[in-house]
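# A closer look at the structure
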Amino acid sequence: MYVELKNINKTYGDYKASDNINFSIEKGKLIGLLGPSGSGKTTILRMIAGLETPDSGDIIIDGEIVNNIPASKRGIGFVFQNYALFRYMTVYDNIAFGLKVQKADKKYIDDKVNELMKLTALEGLGKRYPSQLSGGQRQRVAFARALAPNPHLLLLDEPFAAIDAKVRQELRSWLKEMIEKLGITSIFVTHDQDEAIEVADEIIITNKGRIEQKGSPVNVYQNPETSFVASFFGQPSTIDDYMSFHSFEDVSGIEKAIIRPEFVKVSKKDEVQRFKSSASEGVIESIAFRGANIELKIKVNDTHIIAKRGLDEKEVHVGEKVDIFIYRLFVTKGNEVRLLENKSLVDDSLVI
Amino acid sequence: MDGKRKESSLVKWLLIDISALFLGVMLLLPLGIVIWQSFKQGIAVYMKAVTDKYTVSAVLLTIEATVTAVIVNTVFGLFAAWCITKFKFKGKKLISTLIDIPVTVSPVIAGLMFMLLYGKQSALYPYLQKMHISVVFAVPGIIIATVFVTFPFISRELIPVLETHGTDEEEAAALMGAGGFTIFRKVTFPHIKWALLYGIVLCTARAMGEFGAVSILSGHLRGKTNTLPLHIEILFNEFQYVPAFAVSSILVAMAVMILVLRSVIEAVARR
């Protein structure tokens, strides 16, 4: 394991930012620390960097406890949320800063900076100041600056938060490619689930200062281990009484059920349905066009659920009665979670 | 629409006129009088008053006190602003409030405080005597008084600038292995340069004109502990009006120089 956190605790006044954090990261992986704001993910990143000190516990990097090693000696590259570029230095001087501090050879600095500017597509911008750059360019300067001193570990705090939607999409794939190419172990913090799923090799989900789950994007999305994780991804609808929907196993002591839009099949009354006998009737309350699909808010069995319909399917209208079939749902008891498949699906497969 | 525009242009000119009139009566007229009065009896009399040995020593003492106050307060102001904006600690609010005391306390009271602290009735006095240090009625007292009244000027200019600046750039530099002094020189200083210069200008202007606190601690020893404002007061009290105004014109000229410097700094900083 390359980076290890053991029993880390950190409190700010009354606020518990880290509550017994334990995790480890393999060398060369790109890790996404994902969680809502205030869940303690940035604190974890800053403690690894040495910008904050844990109250207790050990941080181990490459087999060495680094608790008492100052930030400047840890050899970590850090990309700040707002980039924190030196605004009174040119792009060139920003990137060269870390090497100049190390008193590297002039020729080496020049070669390295030019190499990084080429890598990050910043050629020709060396003499500009950060204020003269676009958001995407600034992000790339911050990235190049963090990489210049050849860090063993790269930390990125909300690297895409300050960039507009279209450029963000491009930068995500760019960053993923770049980090894969360089093979540098990296951890990035984000509150955006899509970003984490798309970019990270592995996701660590934080909530209220604790680690909820760690795993591959597919794994955390499909097999949530806690009710928080189950309700964090997608656009979940939470319902109290899942037994009001047909053909689910009755598990005792269940508090809530979580239904993601992709678990729901919405059919018009005149459409052919495979599981008509297990469907419930609902009324469409609102319709929102989401570009790639149509999002529906449906009132069914005295609760509301969010569902989606494709653009190629027949149009539906507000107030229209539709049939709702739920393929599967998550049921929760405390912080435990379990996936229930609709029994009619199981029976169906048995028949075939 | 048209009526409204006419009305607002009327308001505009009315406000401009009132401001101009106020500035004329309150500032330009008195300043003009100073210049006019000091040359009333001709250049020769003016030159005589200005080159008088007591005047020259007052100018030198004023410069000495001002330069010392500016140096001390620049160093203190940088440290105070740095520690208040870059660190989190208990009592930070208290320190930040204490810095403002010199602006809220009347300079006369400041003078009296130092009189009680370093004067003959103080418990410190015998020790100071033993070390052959005289504060009251001597140059150190004048410098201490000047430092005190100009205490907050530089730190107050720096704190807001450093606060909006945040600590990210410093943290970024520290992560890349830079030491404290390198961080200050390369990252922080370029940012606060203009605010610092502006603070120094304000501090200089205030230090030159200080009267109240200095008046108490000086003892008005001509040629020894008289600063320019005190010298003017003495001349005026002796009914030597022309010399009093002539010496005043020196102080006015110094103030105008500072003002011009300030405008230049502001113009350059805005660029």
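Residues numbered from 1 in each chain as written. Chains lettered and ligands numbered in written order. Predicted model: local features only at pLDDT ≥ 70, side-chain atom pairs only at ≥ 80, totals over all residues. Heavy atoms only, no water.

### Digging into the overall build of chain A
Put simply, the test is: A run of H or I in DSSP counts as a helix once it spans at least four residues, and a run of E counts as a strand once it spans at least two, with each numbered from the N terminus. Burial here depends on accessible area, computed with a 1.4 Å probe over protein chains only, as a share of the maximum for the residue type. Under 20% is buried, over 50% is exposed, and the range in between is partly exposed. The contact criterion used is simple: two residues touch if any of their non-hydrogen atoms lie within 4.5 Å. Charged residues are defined here as Lys and Arg on the positive side and Asp and Glu on the negative side; His and the ends of the chain fall outside this count. One atom stands in for each charge, and that atom is NZ of Lys, CZ of Arg, CG of Asp or CD of Glu.
Within chain A, the secondary structure is distributed over nine helices and 19 strands. For chain A, the spread of C-alpha atoms along the three principal axes comes to 75 × 45 × 40 Å. The proportion of buried residues among the 352 residues of chain A is 49%. In chain A, once contacts between residues fewer than 6 apart in sequence are set aside, the share between residues at least 24 apart is 64%. Taken together, the 47 basic and 50 acidic charged side chains of chain A have centroids lying 5 Å from each other.

### Some thoughts on the sheet that holds strand β3 (residues 30-34) of chain A
Residues and elements named next belong to chain A. This is how the line gets drawn: By this definition, two strands are paired if DSSP reports at least two bridges between them. Helix axes use the C-alpha atoms of the stretch in contact, all axes being lines fitted to C-alpha atoms, and the angles between their N-to-C directions lie in the range 0 to 180 degrees.
Taken together, the six strands give an open sheet; going across it, the order is β6-β7-β8-β3-β9-β10, and neighbouring strands pair in mixed fashion. Among the strands making up the open sheet, the edge pair consists of β6 (76-79) and β10 (210-215). Neighbour-to-neighbour, the strand axes of the sheet open up by a mean angle of 15 degrees, direction not taken into account. When strand β7 (residues 153-157) meets strand β8 (residues 185-190), the two strands line up parallel, connected through five bridges. Paired with Leu-154 across the two strands is Ser-186, which belongs to β8. Its contacts with the sheet put helix α5 (residues 165-182) on β3, β7 and β8, and the angle it makes with β7 is roughly 165 degrees.

### Structural notes on the state of the cysteines
Residue and element names in this part refer to chain B. This is how the line gets drawn: Here, a disulfide means two cysteine sulfur atoms that sit within 2.5 Å of each other.
Across all of its chains, the model carries zero disulfides over all chains by this definition. Free cysteine: Cys-83, not disulfide-bonded; nearest cysteine sulfur from Cys-203 at 18 Å. With a relative accessible area of 0%, Cys-203 lands in the buried category.

### Observations regarding unusual backbone geometry
All names here are of chain A. Of note, Ala-121 is a non-glycine position whose phi angle comes to about 55 degrees, a positive value. Residue position: Ala-121 is located in the loop between α3 (106-119) and α4 (135-147). Accessibility expressed as a relative area gives 47% for Ala-121, which makes it partly exposed. Positive phi outside glycine occurs at Asp-302, with the angle close to 65 degrees. Summarising the element assignment, Asp-302 is placed in the loop between β15 (293-300) and β16 (303-310).

### Here we look at the packing of helix α2 (residues 42-50) of chain B against helix α14 (residues 241-270) of chain B
Residue and element names in this part refer to chain B. So the rule is basically this: Oblique is the label for any angle not under 35 degrees, not over 145, and not in the 65 to 115 range, which are roughly parallel, roughly antiparallel and roughly perpendicular in turn. Helix crossings are classified by the rotation of the near helix relative to the far one: an anticlockwise turn of less than a right angle makes the crossing left-handed, while a clockwise turn makes it right-handed. Three categories are distinguished: nonpolar for Ala, Val, Leu, Ile, Met, Phe, Trp, Tyr, Cys and Pro, charged for Asp, Glu, Lys and Arg, and polar for the others, with Gly belonging to the last.
One way to put it is that α2 packs onto α14 with a least axis distance of 9 Å and a crossing angle of 70 degrees. Taken together, the axes of α2 and α14 are roughly perpendicular relative to one another. Considering the relative orientation of α2 and α14, their crossing is right-handed. Contacts from Val-45, Tyr-46, Ala-49 and Val-50 of α2 reach α14 at Val-242, Pro-243, Ala-246, Val-247, Ser-249 and Ile-250. Here the residues of the contact of α2 with α14 sort into nine nonpolar, one polar and no charged.

### Re the side chain of Lys-112 of chain A
Residue and element names in this part refer to chain A. How we decide: Salt bridge, as used here: a side-chain nitrogen of Lys or Arg that lies within 4 Å of a carboxyl oxygen of Asp or Glu.
With respect to the secondary-structure elements, Lys-112 resides in helix α3. Here Lys-112 is buried and forms no salt bridge, its nearest opposite-charge partner Glu-115 lying at an N-O distance of 4.4 Å. Not counting the four nearest positions on each side in its chain, Lys-112 is found in contact with Leu-99, Ala-148 and Asn-150.

### Remarks on the sheet that holds strand β5 (residues 64-65) of chain A
All names here are of chain A. Strand order in the open sheet made by the four strands is β2-β1-β4-β5, with antiparallel pairing throughout. Each end of this open sheet is capped by a strand with a single partner; those strands are β2 (15-25) and β5. As judged from the two bridges shared by strand β4 (residues 56-61) and β5, these two strands associate in the antiparallel manner. Across the sheet, the residue bridging to Ile-60 is Ile-65, located in β5.

### Considerations on the domain arrangement of chain A
Residue and element names in this part refer to chain A. Definition in use: In this entry, domain limits derive from an automatic or database-based domain assignment. Throughout, the accessible surface (probe 1.4 Å) given up by two parts as they are put together, summed over both, is called the buried area. By the criterion applied in these results, polar contacts are pairs of N or O atoms within 3.5 Å in which, for protein atoms, one can donate a hydrogen and the other can accept it, and in which residues neighboring in sequence qualify only through two side-chain atoms.
You can read the domains of chain A as domain 1 (3-224) and domain 2 (232-351). A straight line from the C-alpha centre of domain 1 to that of domain 2 covers 39 Å. The largest share of the area that domain 1 buries against domain 2 comes from Gln-193, Tyr-221 and Pro-224, three residues that together contribute 60% of it. Seen at the junction of domain 1 and domain 2, the total is zero salt bridges. The interface formed by domain 1 and domain 2 contains four residue pairs in polar contact (both at pLDDT 80 or more). Elements with a contribution of two residues or more to the side of domain 1 that touches domain 2: α6 (193-199) and α7 (217-222). No other element matches the three residues that α7 contributes to the side of domain 1 that touches domain 2. Here the side of domain 1 that touches domain 2 is composed, by residue class, of seven nonpolar, four polar and one charged.

### As for the packing of aromatic side chains
Residues and elements named next belong to chain A. Going by this rule: A pair of Phe, Tyr and Trp rings is counted when the ring centres sit within 6.5 Å of each other, with Trp represented by its six-membered ring. The angle between the planes then sorts it: under 30 degrees is stacked, over 60 is edge-to-face, the rest tilted. Think of it as a cone above the ring: NZ of Lys or CZ of Arg counts as a charge over the ring if it is within 6 Å of the ring centre and within 35 degrees of the ring normal.
On inspection of all chains with the given rule, the structure shows 18 aromatic pairs over all chains. Judged by centre distance (5.4 Å) and plane angle (85 degrees), the ring pair of Phe-325 and Tyr-327 falls under edge-to-face. Relative accessible area serves as the criterion here: at 4%, Phe-325 is assigned to the buried category. Overall, the relative accessible area of 24% leaves Tyr-327 in the partly exposed class. In this structure an aromatic cluster arises from ring pairing among Tyr-221, Phe-228, Phe-232 and Phe-233. The ring centre of Phe-86 lies 4.5 Å from the NZ or CZ of Arg-145, which sits over that ring. Here the basic side chain of Arg-260 rests over the ring of Tyr-221, its NZ or CZ set 4.3 Å away from the ring centre.

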